[in-house]
Amino acid sequence: DGGDWPFHAPSATYLYTVAGRTHVLLRAKVGAVAKATLVLPESEGMVGMRRKAREGLFEYFEAVLPGDGELEYSFEIRTRKGLTRRMGPFRAVPYRPETPRWIYERVFYQIMPDRFERGLPGTPRGRAFHGGDLAGIIKRLGHLEELGVNALYLTPIFESMTYHRYDVTDYFSIDRKLGGWGVFRELVRELKKRDIRLILDGVFHHTSFFHPYFQDVVRNRERSEYRRFYRVTGSPVVPEQFLRVLHSEEPWIERYHLIKSLDWNYESFYSVWLMPRLNHDSPEVRRFIGEVMEYWLERGADGWRLDVAHGVPPELWREMRKAMPEEVYLVGEVMDDPRPWVPDAFHGTMNYPLYELILRFFVEGEIDAGEFLNGLELLSAHLGPAEYAMYNFLDNHDTERFLDLVGDRRRYLCALAFLMTYKGIPSIFYGDEIGLRGRLDGGLSAGRASMVWDRGKWDTEIFETTKRLIRLRRRSRALQLGEFVPVRFQGRTMIYERVLGDERVRVEIRYSMEPEDCVFHVTTP
Ligand code: ARE
């Protein structure tokens, strides 16, 4: 019956190339296909397809071939009921993602500047502001070099009122508290000298309430030339009482919380009044975003991490992408299904689906290696070629520290070994490399403790192992771009290889739920 025949089309999802090889995929109803074979022109023969992953009703089959040119092929399908049929022929040029070539050899380091290091004397220090700045980063570039990372992701650095700076008041200037434009220029120079690439955090879902455009809307309402920049939902934009509290003598943090319980008439990020949402349908807003992005690319940034990207229509990002040079790395902060966003709106997204799998396998121990593998392969089938450009992490400024979650140093290092030997661009959140711990009460800012510079307080085993894994990653093209070949995934053991041409790297990771009982080996047979 018709439902037993699988589906294939020569589109990006089912036919693409990476690093000189071609991936061919088929989707079938679970259990319907007994055997799938890729049939190539006579001289090249037949290739058995591997059952890659399953999801609900469907499963995927895959064959990987050397070469990346035009392909002529068909499939031979044997159904569970013993029927055999040819599908095809197809003749197509595999989809080739346009990705900046420099990203593959990179390991990212993420810094939240306020929490890293003070370089300028005299910056005020409190519970919110810890006083880190860009001069502090320059001062510690030696640390980045020693660690071996060669790309940097900075959370926002533009003028704003909070320590995290996700409420931007001026997109064209570097926050004075961070050292301003002069120090930024020096940072860019120092990074270039060391071949460390830089991506910035672009907050274009919302601005600060105190951005001059929104202030103009609050003051002039319908008469404001910026009224179409935001999503005002009624009148007045903010009620009298809101303004009274705002302009009262109370300390800023008191006013911030008092206003929370009032009403206002504009859309905002998660109902945070400080962050009014931009109107992304407006051509002026689109032009503005494009201008800001270009401005900092011209001044030394190599790419953008785009905040709340999933809260902005994908066409806007596609438009931006088209206007940017090919070498600009674009990463969207997308927490759920990445499929609407890659590979055409962004090169990659922050890999939350992978993070979730890692948590379930390494932290909760709730899935076994077999289920973990199925999750990986399913994600791989969804991402296609974009999986090599995803921004992979064990934690970041929005999560708890992985070490706190897993509570076990050995298992932390095993998870790190996995991250460094898997497909996608690995990253380290500042402090992870020294075993920095966060607060254990959870919440959004649990992992944002200040970096510790007293070496006596570092976890040297974590530091040395992190360095070793980064070195391994950077030296091996197979780890960066190789095919992922599962060898054994059973219980809490996984063995896989990464293969690129003649280079073959074998990774073995085993753990039990007993404390400090995890080992990994990375070998080149
Ligand atoms: C602050 C406090 C919070 C408090 C909040 C509201 O830290 O404890 O609840 O205020 O008063 C930035 C700051 C945050 C700040 C926030 C609001 O870094 O510290 O929170 O601004 O002022 C969702 C979004 C996702 C977003 C996360 C945080 O979908 O896009 O929430 N991530 C980005 C940045 C953040 C940044 C912002 C957005 C705002 O990376 O750092 O916050 O510019 C589930 C949901 C997700 C949700 C997630 C929250 O998984 O499915 O949608 O993500 O929980 O972790």
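Residues numbered from 1 in each chain as written. Predicted model: local features only at pLDDT ≥ 70, side-chain atom pairs only at ≥ 80, totals over all residues. Heavy atoms only, no water.

**Some words on the pairing of strand S21 (residues 503–511)**
Taken residue by residue, a regular strand's side chains alternate between the two faces of the sheet.
Now for step 1: Across 8 bridges, strand S20 (residues 493–500) lies against S21 in antiparallel orientation. When the sheet's bridge partners are listed, Ile495 is paired in S21 with Glu508.
Now for step 2: Where S20 hands over to S21, the hairpin turn is made up of 2 residues, of which Gly501 adopts a positive phi near 55 degrees.
Now for step 3: Relative to strand S22 (residues 518–523), S21 is paired through 6 bridges, and the arrangement is antiparallel. Bridge pairing in S22 links Glu508 to His521.
Now for step 4: Linking two consecutive strands that pair antiparallel, namely S21 and S22, is a turn of 6 residues; a positive phi of about 50 degrees is found at Glu516 within it. (Pairing = 2+ DSSP bridges. Helix = DSSP H or I, 4+ residues; strand = E, 2+ residues; numbered from the N terminus.)

**Concerning the pairing of strand S9 (residues 108–111)**
Now for step 1: Residue alternation in S9 divides its side chains into two sets, Phe108 and Gln110 and Tyr109 and Ile111, and both sets are buried.
Now for step 2: As judged from the 4 bridges shared by S9 and strand S10 (residues 151–154), these two strands associate in the parallel manner. Bridge assignment links Phe108 to a residue of S10, and that residue is Ala151.
Now for step 3: As defined by bridge partners, S9 adjoins strand S18 (residues 425–429) across 3 bridges and the pair is classed as parallel. Across the sheet, Phe108 pairs through a bridge with Ser427, a residue of S18. (Buried < 20%, exposed > 50% of the residue type's maximum accessible area, 1.4 Å probe, protein only.)

**Here we look at the state of the cysteines**
Now for step 1: Across all of its chains, the model carries 1 disulfide by this definition.
Now for step 2: Across the disulfide, Cys414 is cross-linked to Cys518 (sulfur-sulfur distance 2.2 Å). Residues Cys414 and Cys518 share a disulfide whose torsion about the S-S bond is about -125 degrees; that sign makes it left-handed. Placement of the pair is Cys414 in helix H12 (residues 409–421) and Cys518 in strand S22, with a sequence separation of 104 residues. Neither Cys414 nor Cys518 differs from the other in exposure class; each is buried. (Disulfide = S-S within 2.5 Å.)

**Looking at helix H3 (residues 180–193)**
Now for step 1: For H3, which comprises 14 residues, the first-to-last C-alpha distance of 21 Å matches the rise-based estimate of 20 Å (1.5 Å per residue) to within 8%.
Now for step 2: Burial in H3 covers these residues: Gly180, Val183, Phe184, Leu187, Val188, Glu190 and Leu191. The buried residues of H3 occupy one face: seen down the axis, they fall within an arc of 165 degrees.
Now for step 3: As for H3, its buried residues are in contact with helix H1 (134–139), helix H2 (141–147), S10, strand S12 (168–174), strand S13 (197–202) and helix H7 (283–298).
Now for step 4: Following H3 by one or two positions, Asp195 has its phi on the positive side, about 55 degrees. (Expected span 1.5 Å × (residues − 1). Arc of directions from axis to C-beta. Contact = heavy atoms within 4.5 Å.)

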